[in-house]
Amino acid sequence: MPSADATLPDLALSRSAIDRRGDLRADPRLLARLLADPDTRVLRLVGDRVEVSDAGGGPAVVLGPPVPADAARLALYLGESGGHAVVGVVADDRADAVTDDPAWRTLRSVGADLDDLGAQAFATTLALANWHRTHGHCPRCGAATEPALAGWIRRCPADATDHYPRTDMAVIMTVVDADDRILLARGKGFRGNGMSVLAGFVEPGETLAAAVAREVAEEVGVEVTDVTYLADQPWPFPSSLMLGFTARALGTALHLQAEEIEAARWFSRDELAAALADGSVVVSGRISISRRIIEHWYGGPLDSPEIPLR
Ligand SMILES: [Zn+2]
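First, a word on scope: everything that follows refers to the structure included in this document. (Residues numbered from 1 in each chain as written. Predicted model: local features only at pLDDT ≥ 70, side-chain atom pairs only at ≥ 80, totals over all residues. Heavy atoms only, no water.)

A short note on the coordination of the zinc ion
Donor atoms from the polypeptide that bind the zinc ion are Cys138 (SG), Cys141 (SG), Cys156 (SG), Asp159 (OD) and Asp159 (OD), placed at 2.2 to 2.8 Å. One chain supplies every donor to the zinc ion, and in sequence these donors are spaced C-x2-C-x14-C-x2-D. Of this pair, Cys141 sits in the loop between helix H4 (116-134) and strand S7 (146-148) while Asp159 sits in the loop between strand S8 (153-155) and strand S9 (162-163), and the two are 18 residues apart along the sequence. With relative accessibility at 28%, the residue Asp159 sits in the partly exposed group. (Donors = N, O, S within 2.8 Å, 3.2 Å for Na, K, Ca; no water. Helix = DSSP H or I, 4+ residues; strand = E, 2+ residues; numbered from the N terminus. Buried < 20%, exposed > 50% of the residue type's maximum accessible area, 1.4 Å probe, protein only.)

A word on the side chain of Thr145
Relative to the helices and strands, Thr145 is located in the loop between H4 and S7. Not counting residues up to four positions away in its chain, the partners in contact with Thr145 are His135, Gly136, His137, Cys138, Arg154, Arg155, Cys156, Pro157 and His163. (Contact = heavy atoms within 4.5 Å.)

Quick look at the environment of Met195
If you trace the backbone, Met195 turns up in the loop between strand S11 (182-187) and strand S12 (198-201). Taking relative accessible area as the criterion, Met195 reaches 6% and is therefore assigned buried. Put simply, Met195 and Val281 are 86 residues apart on the chain and 6.3 Å apart in space, counted from C-alpha to C-alpha. Filtering out sequence-adjacent residues up to four positions away, Met195 remains in contact with Leu184, Ala185, Arg186, Phe190, Ala263, Ala264, Arg265, Phe267, Val281, Val282 and Val283.

So, the sheet that holds S9
Across the sheet, 3 strands lie side by side as S7-S8-S9; this open sheet has antiparallel pairing. Each having just a single partner strand, S7 and S9 make up the two edges of the open sheet. In the sheet, S7 pairs with S8 via 3 bridges, with the strands oriented antiparallel. Bridge assignment links Ala148 to a residue of S8, and that residue is Ile153. (Pairing = 2+ DSSP bridges.)

Some details on unusual backbone geometry
Geometrically, the link from Phe237 to Pro238 is a cis peptide bond, its omega value of 10° lying close to zero. Looking at where Pro238 falls in the secondary structure, it is placed in the loop between strand S13 (224-235) and strand S14 (240-249). In this structure, Ala160 is a non-glycine residue whose phi angle is positive, near 60°. Given a relative accessible area of 60%, Ala160 falls into the exposed group. Unusually for a residue other than glycine, Asp180 sits at a positive phi of about 65°. Following the sequence through the fold, Asp180 ends up in the loop between strand S10 (168-176) and S11. Judged by its relative accessible area of 34%, Asp180 is partly exposed.

Re the pattern of salt bridges
Under the criterion given, the structure shown has 22 salt bridges. Of the charged contacts, one joins Asp93 and Arg73 as a salt bridge, the two residues approaching to 2.8 Å between their closest N and O atoms. Residue Asp93 is located in the loop between strand S5 (84-90) and helix H2 (95-98), and its partner Arg73 is located in the loop between strand S3 (60-61) and strand S4 (74-81); the two are separated by 20 residues in the primary sequence. In this structure Asp93 comes out as exposed when scored by relative accessible area, which is 56%. A relative accessible area of 13% places Arg73 in the buried class. (Salt bridge = Lys/Arg side-chain N within 4 Å of Asp/Glu carboxyl O.)

Brief notes about the packing of aromatic side chains
One pass over the structure, following the stated rule, counts 3 aromatic pairs. Between Tyr229 and Phe245, the ring centres sit 5.8 Å apart and the planes meet at 80°, which makes this aromatic pair edge-to-face. Taken together, the residues span a long stretch of sequence, with Tyr229 in strand S13 and Phe245 in strand S14 at a distance of 16 residues. For Tyr229, a relative accessible area of 37% puts it in the partly exposed group. Their ring planes at 50° and their centres at 6.2 Å tell us that Trp297 and Tyr298 sit as a pair that is tilted. (Phe/Tyr/Trp six-rings, centres within 6.5 Å; stacked < 30°, edge-to-face > 60°.)

Comments concerning H4
The terminal C-alpha atoms of H4, which comprises 19 residues, lie 28 Å apart, in line with the 27 Å expected from a rise of 1.5 Å per residue. Extensive coverage of H4 is indicated by the burial of 15 of its 19 residues. (Expected span 1.5 Å × (residues − 1).)

Notes on the packing of helix H6 (residues 269-277) against helix H7 (residues 289-298)
Running from amino to carboxyl end, H6 crosses H7 at an angle of 130°, the nearest separation of the two axes being 11 Å. Between H6 and H7, the angle is such that the two are oblique. When you trace H6 past H7, the crossing you get is left-handed. On H7, the residues that touch Arg269, Leu272 and Ala273 of H6 are Ile294, Trp297 and Tyr298. Split into classes, the residues belonging to the contact of H6 with H7 amount to 5 nonpolar, no polar and 1 charged. (Axes fitted to C-alpha atoms, helices over the stretch in contact; angles between N-to-C directions. Parallel < 35°, antiparallel > 145°, perpendicular 65-115°, else oblique. Left-handed = near helix turned anticlockwise from the far one by under 90°. Nonpolar A, V, L, I, M, F, W, Y, C, P; charged D, E, K, R; others polar.)

This is the structure:
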């Protein structure tokens, strides 16, 4: 099914094909039963990779039946799709076997080309697995916690507290001036000629619009108004939700934050097209909301090569 958002439909990681069936998670025998059922579709995550097959023409996540070893692995009930239960299994014990196998791909490299079910199952399993891997102890008492609710929380056996997976909100925004030019910046650590729109994490006690205005002011010294929501998508690297906005600049003078921003400039549509054509500017790939909100301003797809990622 398409994205519910009409402004930027079909963002790579916003697609939905799974009925999450949260009502089934409380059954403590659910995962054991599903991992004994050959009709269950298992997505097996090893590190940050899953097995991808090109047998059907385009890349597709391998969603196969459970194997006996899955019973001892961290398992996550993702929901139902097409009459099958879908379970994410974290199989890091297989890391040595997949390190050099090109069939095992990262979400960044393949996510934009997967079908809706594959993209959603991969993104959800990766986000949950990233949280489980780094939140193994109770923040109140330090005891080792255990997965519960079919992988959707961790529970402390010492003080019976429940701990929920975190999602870190980040705003990402096009900033457009009075001449309808867009602001692109190169952050420290960007590779090659990469440039992007500005982005940053939302802070406690802050609204989304305030976060947009603060980040733009901090990074390039520009005051903005008319902050308008465009679209959002999960970004499980490791645990973000990217919230896309556009905002109107009240001035064009740039004062770059030296520790974070290496370069920034305004582009007309013709200037950006020329810079992409001669390679002096490269923008991120189709999986990113960054590219999609730039294209929203541009008025159509950008003719820019994809940086190859494994
Ligand atoms: Zn505790």
